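Inside the fold
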Amino acid sequence: KLSVSPEMDIMEYCRKEWRGNTPVAKRMRKGYEAVAQKFASIRRIRGDNYCAFRATLFQALSQATELPSWLQSEDLTMLPENLLNKYDWIKQWQLKQKLGKKMGEISDEIKEYLILLRKKWKNISEIKDPVEKQEACDKLFKNEEEEYSLYEALKFLMLNTAIELYNDDKNGRRVPVFSWLLFARDTSSNPCQLMHNHLNHIGHTGGLEQVEMFLLAYALQYTIQVYRLYKYSTDEFITLYPNDPEEDWPVVTLITEDDRHYNIPVRMCQETML
């Protein structure tokens with residue numbers, strides 16, 4: 001099973017998927033036509049509950065030319081240990097296929113995942129040749145064990161970001177609006193609940209909700225631009241997470257038909273790039 005399928009012409013893909021004349025099919029075709037003004041091809045992302053992670057990380061690595069500063073930080077590898085010393089409840093973190101493991105052991109594993117994320121990002125960002133870079137990404141996303149380890153690292157970074165935002169808000173510092181929305185949910189009124197009711201389930205029984213797409217963007221310090229095809233002809237057709245991005249954050253682009261499954265557009269059309 002391929003995590004990221006080979007490239008296919010966007011309009012060819014659209015014609016295959018949306019043949020009928022229902023209002024929905026017409027809207028999807030219009031949406032794909034708009035994406036095709038900017039991108040030539042689409043790559044399908046494997047549809048398990050990790051597809052938002054998979055699409056975002058694949059796009060970020062495909063265009064990475066340097067290691068982000070937060071990945072260079074010495075503190076990164078100490079993160080699991082430091083958080084555990086402060087928050088006992090993190091012991092209930094659930095690793096994929098490692099249910100029921102004690103957090104003492106888990107902290108070492110998450111440290112390994114964070115080191116792996118740094119290493120892969122560094123290696124791929126150093127590849128200058130675009131074809132070679134693409135091949136390296138394809139290879140990484142065919143290695144299931146490494147791939148899922150990277151998603152565990154991303155989830156943990158999201159937890160860390162959520163804790164920082166929660167504490168900032170409690171201490172009267174300014175936080176982005178999505179942070180209030182994140183903690184206004186009955187199921188995640190604090191980081192502990194967010195972990196139990198949301199982060200622990202991502203990849204197992206659910207994917208990322210919209211407010212968690214903001215959290216992922218903040219954790220990676222990337223702007224995630226999403227073509228939401230079912231919102232074509234509304235002002236939500238192209239949605240940015242976060243909607244007031246930092247100027248220097250790189251941008252990755254995804255496509256969704258329903259806010260649940262994500263694919264990726266590739267090959268920017270020449271005129272768009274100029």
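Computed from a predicted model, the values in this text were never measured in an experiment.

Comments concerning the UniProt feature "active site" (unreviewed entry) in the protein chain
Mapped onto this numbering, the UniProt entry gives "active site" (unreviewed entry) at Asp48, Cys51 and His261. Maximum C-alpha separation among the annotated residues is 8.5 Å over a sequence range of 214 residues, consistent with a single clustered spot. Relative to the assigned elements, Asp48 resides in the loop between strand S2 (39–43) and helix H3 (51–62). Taking relative accessible area as the criterion, Asp48 reaches 21% and is therefore assigned partly exposed. With sequence-adjacent residues up to four places away left out, Asp48 is seen in contact with Arg54 and Tyr148. Relative to the helices and strands, Cys51 is located in helix H3. Setting aside chain neighbours within four positions, we find Cys51 in contact with Ile45, Arg46, Arg260, His261 and Tyr262.

What to know about the sheet that holds strand S3 (residues 223–228)
On the basis of which strands lie adjacent, the open sheet formed by six strands has the order S1-S2-S6-S5-S3-S4 and mixed pairing. Of all the strands in the sheet, just strand S1 (8–9) and strand S4 (238–241) have a single pairing partner and so form its edges. Its contacts with the sheet place helix H2 (residues 23–36) against S2, S3, strand S5 (251–256) and strand S6 (262–268), and it is angled at close to 120° to S2.

So, the layout of surface pockets
In this approach the atoms are scanned with a rolling probe the size of a water molecule, which exposes any empty space left behind. Within this model, the largest pocket holds a volume of roughly 690 Å³. As for the largest pocket, its lining consists of 26 residues, of which Ser62, Gln63, Gln134, Arg267 and Met268 are closest to the centre. Elements with a minimum of two residues in the lining of the largest pocket: S2, H3, helix H7 (130–140), S3, S5, S6 and helix H12 (270–273). In the lining of the largest pocket, the residues fall into eleven nonpolar, nine polar and six charged.

Some words on the environment of Thr161
On the secondary structure map, Thr161 appears in helix H8 (residues 144–170). In this structure Thr161 comes out as buried when scored by relative accessible area, which is 10%. Contacts of Thr161, omitting those with residues within four sequence positions, involve Leu215, Tyr218 and Ala219.

Considerations on the UniProt feature "site: Linear diubiquitin binding" (unreviewed entry) in the protein chain
On the UniProt side, "site: Linear diubiquitin binding" (unreviewed entry) is annotated at positions that read Glu236 here. Mapped onto the elements of the fold, Glu236 is located in the loop between S3 and S4.

Quick look at empty space enclosed by the protein
Summed over the entire model, instances satisfying the criterion amount to one cavity of 30 Å³ or more. As a volume, the largest cavity reaches approximately 30 Å³. Thr77, Met78, Pro80, Glu81, Ser107, Asp108 and Lys111 together form the lining of the largest cavity. When residues of the lining of the largest cavity are traced back to their parent elements, those giving at least two are helix H5 (79–86) and helix H6 (103–125). A total of three residues in the lining of the largest cavity trace back to one element, the largest contributor, which is H6. Grouping the constituent residues of the lining of the largest cavity by class yields two nonpolar, two polar and three charged.

Some points on the pattern of salt bridges
Close approach of charged atoms lets side chains of opposite charge pair. If you walk through the whole model with that rule in mind, you get 16 salt bridges. Lys122 serves as the salt-bridge partner of Glu126, at 2.9 Å between the closest nitrogen and oxygen. Relative accessible area serves as the criterion here: at 45%, Glu126 is assigned to the partly exposed category. The class of Lys122 is partly exposed, set by a relative accessible area of 38%. Of the charged contacts in the structure, one is a salt bridge between Glu209 and Arg185, with a shortest N-O distance of 2.9 Å. Residue Glu209 is found in the loop between helix H10 (191–197) and helix H11 (210–220), and its partner Arg185 is found in the loop between helix H9 (177–184) and H10; the two are separated by 24 residues along the sequence.

Scoring rules and cut-offs
- Residues numbered from 1 in each chain as written.
- Predicted model: local features only at pLDDT ≥ 70, side-chain atom pairs only at ≥ 80, totals over all residues.
- Heavy atoms only, no water.
- UniProt positions renumbered as here; feature names shortened; annotations may be inferred.
- Helix = DSSP H or I, 4+ residues; strand = E, 2+ residues; numbered from the N terminus.
- Buried < 20%, exposed > 50% of the residue type's maximum accessible area, 1.4 Å probe, protein only.
- Contact = heavy atoms within 4.5 Å.
- Pairing = 2+ DSSP bridges.
- Axes fitted to C-alpha atoms, helices over the stretch in contact; angles between N-to-C directions.
- 1 Å grid on protein atoms, 1.4 Å probe; cavity = no way out; pocket = protein on both sides within 12 Å on 5 of 7 lines; lining within 4 Å.
- Points joined across faces, edges and corners; volume = space filled by probe spheres on them.
- Nonpolar A, V, L, I, M, F, W, Y, C, P; charged D, E, K, R; others polar.
- Salt bridge = Lys/Arg side-chain N within 4 Å of Asp/Glu carboxyl O.

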